[in-house]
Every structure is written in structure tokens, then in C-alpha cells.
Amino acid sequence: MDIVKSRDIINRKDAQDSLKKFIQKINKENKDLLLAPITFTLGDEWQIVLKRPFESYRIIDKFQSFLRKYEIGIYIGIGVGKISTNIYEDTRLMDGECFIRAREALGIVKNKNRFYNENLNSKENNVYFNAEKISFEKIYDGIREIASTSDKDYWSEDKTNSDIIPLDINTIINTIIENTEVLKSKITGKQMKTIELYRKEGSYSNMIKKNDNISKSSISQKLNDSNYFLIESNKNVIYKLLKLYCQIREGN
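Residues numbered from 1 in each chain as written. Predicted model: local features only at pLDDT ≥ 70, side-chain atom pairs only at ≥ 80, totals over all residues. Heavy atoms only, no water.

**A look at the sheet that holds strand E5 (residues 127-130)**
Okay, so step 1: Pairing is mixed in the open sheet, where three strands are placed in the order E1-E4-E5. Looking at strand neighbours, the two that pair on one side only are strand E1 (2-3) and E5, the edges of this open sheet.
Okay, so step 2: Sheet topology note: the E1/strand E4 (residues 74-79) ladder contains two bridges and is antiparallel. Bridged to isoleucine 3 within E4 is isoleucine 74.
Okay, so step 3: Strands E1, E4 and E5 of the sheet are contacted by helix H3 (residues 97-109), whose axis makes an angle of about 145° with E4. (Pairing = 2+ DSSP bridges. Helix = DSSP H or I, 4+ residues; strand = E, 2+ residues; numbered from the N terminus. Contact = heavy atoms within 4.5 Å. Axes fitted to C-alpha atoms, helices over the stretch in contact; angles between N-to-C directions.)

Have a look at this one:
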């Protein structure tokens, strides 16, 4: 993770101090998930190594929600793979496939020229998942033949498409991540306050009991206008797809 335009941040030191305290909190609350404590690597960049990589987007969402309060955006590269060194408390001492792929992913989202970026389709998305590709041909017997027949029928009128690139889990994960990040970017400040209150209280009725100035209709409108429930559904799908990916990798 790396802060977007960190030098332009107003009260940069206060933001950095708050971030360090937040990271200490995450380290404490997620000891069972973290392979090692979260480490600052270069300037405003930090590195997170998870025992369960499929929980990565949940952790990302926590950081985004926290930094949004300071109007700070972050670039995030997710890398999944093996670790080739011993496990150390300082993640900077470790190396391997997951670190290389995470660094590559970070480079992709930090690419300023999005017009020529083949991996991203929206300037609103700063998250990319990078790992060994797993196509559906690898999962299901006979899928290649079915897909091949289907593709030929679909592209029969297009003479330029003789071969169709097989669909892979990685592409689906990144597509849902990108759509979710675009939806998140459109949430207004007022909508976010309602979302945070809803998460805290757990229901419309609890929100109304503790806040006389809001109504059920206004809560519902803000949550729906923000696409809150769609975003939550997407996050659940991302979690499940990442878990499926990890299960397949572990089985190889």
C-alpha cells in the first residue's frame, strides 16, 4: 500500500501519526491473520503479509475507510504466492513470489498513463490483484471444448478473432474489484456518515432510536443511493473468489 500524492497532503505529519496508530491497532486486532506485523517499507508505503490471502480485500477496505476521513487515497497491489525465505518479524527481510507480484501490482496501479494501461479500465480504481493465472479449463474437465465451440459460434462473423483468450479467475476477481472501487469512489460524505452509523448500530430502528433527526426513509435513500448493499455483496464475492483461488493453489 502506498499513499496517493502523499506530498500534497495537508497536515501530513498528523496524518502519518494517525496512520501509524491505526496500523498498531490493526496489528493488535489481527494477530491471528498477520504473518508478521505490518511494516513501513519506503516513506509512505507499507507492506502487509497475510496467512490467509483471501482476506486481503477486507483489510484493504479497513484502510480505505480509515484514510477516507483524511481525504487520503491509497494505491494497493495484492500479490499471492510462495515465500522463499524464512519468516521474520520485519517483512522487509522476506522475499518470494507474493512480494514480487505485489510490487508488480503496485506498479500497475501507480501507472499514471491509464490510457495505455491494459490491466485497468477506470482511473477511479487503485487496487489490482496479481497472481499466477488460473483458467477455468484447469478446474473443469471438458470446459476447453465447450468454451471453444461457444466462442467460435459467437465470433463467427468477426474474422479478426480466431482465438479467444480463456477466461480466468484472476480476471473475474479484478473486474469485480474494479467495479466495486468505482462504486466506492462515488459515495458522498453524507452517505458515508450514514453507512458508518448503520454499521455501528446494525439496524434502521437502532439508528433512529439514538438519532432523532433521521428517518427510516432518509437512511434507506442514502444507503441505496450509495450502492451500499451492492458494494457489500461484491465484497463477499471477492472474498469467496479469492478463497477459491487460494484453495486451488494449495491443491497444486
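**Topic: the environment of serine 203**
Okay, so step 1: Within the element layout of this structure, serine 203 appears in the loop between helix H6 (189-201) and helix H7 (204-210).
Okay, so step 2: For serine 203, the side chain forms a polar contact with the main-chain nitrogen of asparagine 206, separated by 3.2 Å. (Polar contact = N/O pair within 3.5 Å; in protein donor to acceptor, adjacent residues only side chain to side chain.)

**Topic: the packing of helix H2 (residues 56-68) against helix H5 (residues 169-185)**
Okay, so step 1: Running from N to C, H2 and H5 cross one another at 20°; their axes reach a closest spacing of 13 Å. Overall, the two elements H2 and H5 adopt an arrangement that is roughly parallel. When you trace H2 past H5, the crossing you get is right-handed. Residues Tyr57, Asp61, Gln64 and Arg68 of H2 form the contact with H5, whose participating residues are Ile177, Thr180, Glu181 and Lys184.
Okay, so step 2: For the contact of H2 with H5, a count of residues per class yields two nonpolar, two polar and four charged. (Parallel < 35°, antiparallel > 145°, perpendicular 65-115°, else oblique. Left-handed = near helix turned anticlockwise from the far one by under 90°. Nonpolar A, V, L, I, M, F, W, Y, C, P; charged D, E, K, R; others polar.)

**Some remarks on the environment of valine 237**
Okay, so step 1: As for its position among the elements, valine 237 is in helix H9 (residues 228-251).
Okay, so step 2: Here valine 237 falls in the partly exposed class, since its relative accessible area comes to 33%.
Okay, so step 3: Taking the C-alpha atoms as reference points, valine 237 and isoleucine 173, separated by 64 residues in sequence, lie 8.6 Å from one another. (Buried < 20%, exposed > 50% of the residue type's maximum accessible area, 1.4 Å probe, protein only.)

**Observations concerning H9**
Okay, so step 1: Here H9 is 24 residues long and its end C-alpha atoms lie 35 Å apart, about the 34 Å a rise of 1.5 Å per residue gives.
Okay, so step 2: Every buried residue of H9 is accounted for by Tyr228, Ile231, Asn234, Lys235, Ile238, Leu241, Leu242, Tyr245, Cys246, Ile248 and Arg249. (Expected span 1.5 Å × (residues − 1).)

**Looking at the pairing of E5**
Okay, so step 1: Burial along E5 is two-sided: the residues Val127 and Phe129 and Tyr128 and Asn130 are all buried.
Okay, so step 2: Taken together, the four bridges between E4 and E5 define a ladder with parallel strand orientation. Opposite isoleucine 78, over in E5, you have phenylalanine 129 as the bridge partner.

**Let's talk about the environment of leucine 50**
Okay, so step 1: Inspection of the secondary structure puts leucine 50 in the loop between strand E3 (46-47) and H2.
Okay, so step 2: Overall, leucine 50 belongs to the buried group, its relative accessible area being 15%.
Okay, so step 3: For the pair leucine 50 and proline 37, spaced 13 residues apart in sequence, the C-alpha to C-alpha distance is 9.6 Å.
Okay, so step 4: Filtering out sequence-adjacent residues up to four positions away, leucine 50 remains in contact with Leu33, Leu34, Leu35, Glu55, Ser56 and Ile59.

**Observations concerning the nonpolar core**
Okay, so step 1: Core analysis: the largest hydrophobic core is formed by 40 residues, its most contacted members being Trp46, Phe63 and Phe129.
Okay, so step 2: Ignoring any residue separated from it by four or fewer positions in sequence, one finds phenylalanine 129 in contact with Ile78, Val80, Asn170, Ile173, Asn174, Ile177, Leu242 and Tyr245.
Okay, so step 3: Membership of the second largest hydrophobic core comes to 11 residues, among which are Leu183, Met192, Tyr198 and Met207. (Core = buried A, V, L, I, M, F, W, Y, C linked by side-chain atoms within 4.5 Å.)

**Topic: the packing of helix H1 (residues 12-29) against H2**
Okay, so step 1: Running from N to C, H1 and H2 cross one another at 150°; their axes reach a closest spacing of 11 Å. Classified by the angle between their axes, H1 and H2 sit roughly antiparallel to one another. Classified by chirality, the crossing of H2 by H1 is right-handed. On H2, the residues touching Ser18, Leu19, Phe22, Ile23 and Ile26 of H1 are Lys62, Phe63, Phe66 and Leu67.
Okay, so step 2: Residue classes in the contact of H1 with H2 are distributed as seven nonpolar, one polar and one charged.

**Observations regarding the side chain of lysine 184**
Okay, so step 1: Locating lysine 184 in the fold gives a position in helix H5.
Okay, so step 2: Judged by its relative accessible area of 13%, lysine 184 is buried.
Okay, so step 3: Apart from the residues lying within four places of it in its own chain, the contact partners of lysine 184 are Tyr57, Asp61, Gln64, Arg68 and Ile231.

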